[in-house]
Every structure is written in structure tokens, then in C-alpha cells.
Amino acid sequence: MLKLDFHPAGRHFLQIPGPSPVPDRILRAMSLPTIDHRGPEFGALGLQVLAGIKKIFKTEQPVIIYPASGTGAWEAALTNTLSAGDTVLMYETGHFATLWKKMAEALGLKPEFLGLPGIEGWRRGVQADLIEERLRKDGGHQIKAVCVVHNETSTGVTSDIASVRRAIDAAGHPALLLVDTISGLASADYRHDEWGVDVTVSGSQKGLMLPPGISFNAVSKKAIDASKSSKLPKAFWGWGEIIEMNATGYWPYTPNTNLLYGLHEALEMILGEGLDNVFARHERLAAACRDAVTAWGLEIQCADPAVYSPVLTGVMTPAGFDADAIRKVIYENFNMSLGTGLGKMKGGMFRIGHLGEANELTLMATLAGCEMGLKLAGVKLAGSGVQAAMDNLTAKKNKPALKVA
């Protein structure tokens, strides 16, 4: 028999930046019996999740739900709005921005990749001035869309999407704005309508705390209008029939019913806590994690404090130490998985996820595992990151102890 959980004692610490651990509440919801996806119970479920997910995207516009990974939602965003040969301006902030570009090429689009050279471009957010400069040169409006990643999971950088919209508007350019917030949604503040995004792409397995298998396109009226004239092939991904059937809570194909049960529960949890409280919790844990990395004497992958991610922290390893070897030591000794370095950063960093259901004690256990593993791997640490994180978190509590009479 295939062994899916060989861990001898305690729970496995899954501290990668997604998939994030699935809370027991959601697992229980997903275990409910599957119902008829054409029956009245399902229609009520569909209407509830479609209304609730709009609150997470902060939009009044349609949000399309696919039984797919985030990669599917990437493809849906491109195929619904563009035609073969269209020029697309894409900004390189890391591995996932690079993969989206490769997909655009495979679909017959002509992506232009902007960004800072070398590793530097993977340590900073989107430079909106570069986008504005390029759009101003496009007098014939050959560029049909601008594609950027909100929270770059490979680097721990959260870009300023509002500044990208301002850049497009300042250039007086009609290009659509397509944004990937697969790892940012429900963990970092995101405002589809307010920021003027035309298509937002996301997935279930990060801040929404679900297993992989649901992806999303939040779409503007401008994007829907573009979909009516776009020429790239689309059948399963096509928005039109889905939006029409979603009006009554149904889908034009068999949906992933049990994951929608989980989505309903996730929305209850997130909206019950309050989005602003969720964002503040993520920011609080991220700041404590960064204090730990600094206390260790290691370098944070994101080089610009203005765009530190609340979702994950990238930790650069010292010269002569392979990050994957360190991850292996931590995995084998302390039953914890950390994110690997991707693309240009392979072997040079590891990633600590602090998203989803994470709280202060989750983070402290994670940092303790990292600190012990770094020491076992022979990395000379400047100080205790665990103590630095505890100091950060306890200082922010600032509540006097109760006195016993």
C-alpha cells in the first residue's frame, strides 16, 4: 500500500507557501456526501459560494470558479481576452511570472518581458514606471494586455497593483490589466474593483486553506467585452456559458462539489474572522518571521521592505550552503517541509510559509525547527531567531498580566 503519511508522532508541519494546511473544519465539510449538481440543494450552495467569493476579491463583478489549479486560471485569463499574435507586456518578478510568460508563448501570444536584470529582478516588486514608459512608446496600441503577479510565491515579494493601474492610465493606454494573486488572495490585501483590474487569477490552495483543485477568474466588464471578440480557442475555459449558468447557482459541466463544500466553509471562517483581521494576522506573523531571519544573520530574499510579503519569507543561505540540503536536514529531523528555491534561486534559498490558518504558535514551532535545522546543517547563526520572534510577538500583545488577589 502507498504510504501517504509515514510520520511517527505529532503532525507534519507543512510550512511551504502553498498548498497550505487544510483546517479540520474544512476537511469535515468536504467529507459530506456528494449531492446532485443539478438539484435544488446544489443551486443554493452555488449561489452562496459565488456571492461569498466576491467579498474576498472585493468585487461586484462576476467571479468564475473552475475545477482546476491556478495554472488553469492563467490560461482562462489569456484565452478569454486575447487573440493569436497579440502582444502582451509581462513583468518578471520571479519564477511564476516566468511560467505565465511561457504559457503565453505556448498559446501563440507575443509576450514582452520587462524587469530588472539578473537576480535583482527577483528581489523587488513591479516597477510601474517601466510599464508606463513602455506603454507610452506603444502609440499604435499593439500591446493588448499587461500581466503582473501580485504576490510572487517564489520570492516573497508583494507588488503594488494600484501603481500598475495608475501607470496604464497615465500612459493613456487601453491595455487590459491581468493580475495573478494565486498566493495573495485572502492573505494579503487585494482590491479587484478599486485597483481597476480586468482579470484577477487565483487558486484555492493558499490563503483560502483548501486543497488544490479550484481556481478563479474575477472579471471586469471590459474583460467580458474583450472575451466576445477574442480569437484564441476556448471551450472549457469560456466565460460566457459559465456566467450565464452561475446566475442560478449552477455550472455548464460537472463541478467539484466537495471542494465547493470546503470553499463554503473557508468563506465562513475568513469572513467570520474579518478580512482586515486576517490581513493583520498575516502581517504580524510575517514581521516576526523576518525578525527571526535577521537575528540569525541571514538575508531576506525580498530586498525592498516596502514590498515584503505577508504570505511567506524567502531566506537566502550563506555561500557554501545548499538550501535544499538544509531543507532535507529539517525534514528528516523535525518533520517539517519548507519551500524550495525555484528557478534562478534554486539551491540558494528556502521559503517559510506563514499563511492560511497559521497563528503565533504555528510560527514559533516553525522557526524553532528552522533554527535547530540550520545549526545541525552547520550554519553559523548570529543569534536566536526564535527569541527575536518571541520578543516581536509579545511586545505587540502589550497586555498586563492578571493579578491574583
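Before any of the text, the structure's been laid out above.
In every chain, residue numbers begin from 1 and rise along the written sequence. It should be noted that, the model being predicted, local features are given only for residues of pLDDT at least 70 and side-chain atom pairs only at 80 or more, the latter also being counted only at that level, while totals for whole chains, interfaces and linings use all residues. Note that water and hydrogens are dropped before the side-chain values are worked out from all heavy atoms of the structure.

Requested: an account of the overall build of the protein, with residues and values cited.
Segments assigned H or I by DSSP are reported as helices when at least four residues long, segments assigned E as strands when at least two residues long, and all are numbered from the N terminus. Looking only at helices and strands, the protein has 13 helices and 14 strands in total. What you see for the protein is a C-alpha radius of gyration of 22 Å, in line with the 22 Å of a compact globule of 405 residues. Dimensions along the principal axes, computed over C-alpha positions, put the protein at roughly 65 × 55 × 55 Å. Residue burial in the protein is summarised as follows: out of 405 residues, 57% are buried. For the protein, the accessible area works out to roughly 17,100 Å², and carbon and sulfur atoms hold 56% of it. Charged residues are defined narrowly, with Lys and Arg counted positive, Asp and Glu counted negative, and His plus the chain ends left uncounted. Lysine's charge is taken at NZ, arginine's at CZ, aspartate's at CG and glutamate's at CD. Counting 40 positive and 41 negative side-chain charges, the protein places the averaged centre of each group 2 Å from the other. In this description the radius of gyration comes from C-alpha coordinates, and the expected globular size is given by 2.2 Å times residues to the power 0.38. For every residue, the accessible area (1.4 Å probe, protein chains only) is compared with the maximum for its type, and the residue is labelled buried under 20%, exposed over 50%, or partly exposed between those bounds. Method for areas: the Shrake-Rupley scheme with a 1.4 Å probe, in which residue coverage is limited to the protein chains shown.

Give me the state of the cysteines: which residues, what numbers.
The term disulfide is used for any two cysteine sulfur atoms that are within 2.5 Å. Evaluation of the coordinates by the stated rule reveals zero disulfides. Left without a disulfide partner, Cys302 is nearest to the cysteine sulfur of Cys289, which lies 13 Å away. Sulfur of Cys370: no disulfide; nearest cysteine sulfur belongs to Cys289 and is 7.3 Å away.

Lay out the environment of Ala128 in plain terms, naming residues and giving numbers.
The topology assignment puts Ala128 in helix H5 (residues 128-136). On the accessibility criterion, Ala128 (13% relative accessible area) is buried. Ala128 sits 254 residues away from Ala382 along the chain, and the two C-alpha atoms are 37 Å apart. We call two residues in contact whenever any of their non-hydrogen atoms come within 4.5 Å of each other. Setting aside anything within four residues of it in sequence, one finds Ala128 in contact with Ser163, Val164 and Ala167.

So what's going on with unusual backbone geometry? Residues and values would help.
In this model, Gly18 is joined to Pro19 through a cis peptide bond whose omega is -5°. We note that Ala186 has phi near 70°; this positive angle belongs to a residue other than glycine. Along the polypeptide, Ala186 turns up in the loop between strand S8 (176-180) and strand S9 (199-203). Positive phi values are uncommon outside glycine, yet Met209 reaches one of about 65°. Relative to the elements of secondary structure, Met209 occurs in the loop between S9 and strand S10 (215-219). For Met209, a relative accessible area of 4% corresponds to the buried category.

Which residues make up helix H2 (residues 40-57), and what values go with them?
In this model H2 runs 26 Å from its N-terminal to its C-terminal C-alpha over 18 residues, within 8% of the 26 Å that 1.5 Å per residue would give. Residues of H2 that are buried: Phe42, Gly43, Leu45, Gly46, Val49, Leu50, Gly52, Ile53, Ile56 and Phe57. Positive backbone phi, at 55°, marks Lys58, one or two positions downstream of H2. Take the number of residues in a helix, subtract one, and multiply by 1.5 Å to get its expected span.

Can you break down the packing of helix H9 (residues 257-273) against helix H10 (residues 275-296) residue by residue, with the values?
Packing of H9 against H10 brings their axes to within 5 Å, and their N-to-C directions diverge by 85°. Judged on the interaxial angle alone, H10 and H9 are roughly perpendicular. The segment H9 lies against H10, with Ile270, Leu271 and Glu273 engaging Leu275, Asn277, Val278 and Arg281. The residue classification treats Ala, Val, Leu, Ile, Met, Phe, Trp, Tyr, Cys and Pro as nonpolar and Asp, Glu, Lys and Arg as charged. All others, Gly included, are polar. Counted by class, the contact of H9 with H10 contains four nonpolar, one polar and two charged residues. Here an axis means a line fitted to C-alpha atoms, over the contact stretch when the element is a helix, while the angle between two N-to-C directions is reported on a 0 to 180 degree scale. What sets the label is the angle itself: under 35 degrees gives roughly parallel, over 145 gives roughly antiparallel, 65 to 115 gives roughly perpendicular, and the rest give oblique.

Any chance you could break down the packing of aromatic side chains for me, citing the residues and the numbers?
Aromatic contacts are taken between Phe, Tyr and Trp rings whose centres are within 6.5 Å, Trp giving its six-membered ring; a plane angle under 30 degrees counts as stacked, one over 60 as edge-to-face, and the others as tilted. Tallied over the entire structure, the rule returns nine aromatic pairs. Seen in terms of ring centroids, Trp74 and Trp100 are 5.9 Å apart; in terms of plane orientation they differ by 10°. Their pairing is stacked. Taken together, the positions of Trp74 in helix H3 (residues 70-81) and Trp100 in helix H4 (residues 95-106) put the pair 26 residues apart, joining distant regions of the chain. By relative accessible area, which is 1% here, Trp100 ends up buried. Ring plane angle 25° and centroid distance 5.0 Å describe the contact between Phe236 and Tyr253, whose orientation is recorded as stacked. Of this pair, Phe236 sits in the loop between helix H7 (221-227) and helix H8 (239-246) while Tyr253 sits in the loop between H8 and H9, and the two are 17 residues apart along the sequence.

Lay out the sheet that holds strand S12 (residues 312-316) in plain terms, naming residues and giving numbers.
Reading across the sheet, the five strands line up as S1-S13-S14-S12-S11 and stay open at both edges, with mixed pairing between neighbours. Each end of this open sheet is capped by a strand with a single partner; those strands are strand S1 (13-15) and strand S11 (299-300). In the sheet, S12 pairs with strand S14 (residues 349-353) via five bridges, with the strands oriented antiparallel. Looking across to S14, one finds that Met316 is bridged to Met349. Along the sheet, H10 makes contact with S11, S12 and S14, crossing S12 at roughly 10°. For two strands to pair, DSSP has to find at least two bridges joining them.

Go over the pattern of salt bridges with me, naming the residues and quoting the values.
What makes a salt bridge here is a side-chain nitrogen of Lys or Arg within 4 Å of a carboxyl oxygen of Asp or Glu, nothing more. Across all of its chains, the model carries 20 salt bridges by this definition. Where Arg281 meets Glu273, a salt bridge forms, and the shortest distance between an N and an O atom there is 2.9 Å. By relative accessible area, Glu273 is classed as partly exposed at 32%. Within the structure, one salt-bridge network assembled from shared partners comprises Lys58, Asp189, Arg191 and Glu194.

An account of the sheet that holds strand S4 (residues 110-114) is needed here, citing residue identities and associated values.
Strand order across the open sheet formed by seven strands is S2-S10-S9-S8-S5-S3-S4, with mixed pairing between neighbours. Of all strands in the sheet, those bounded by a partner on one side alone are strand S2 (63-66) and S4. Averaged over all pairs of adjacent strands, the angle between strand axes in this sheet comes to 20°, irrespective of strand direction. Alignment of S2 against S10, held across four bridges, turns out to be antiparallel.

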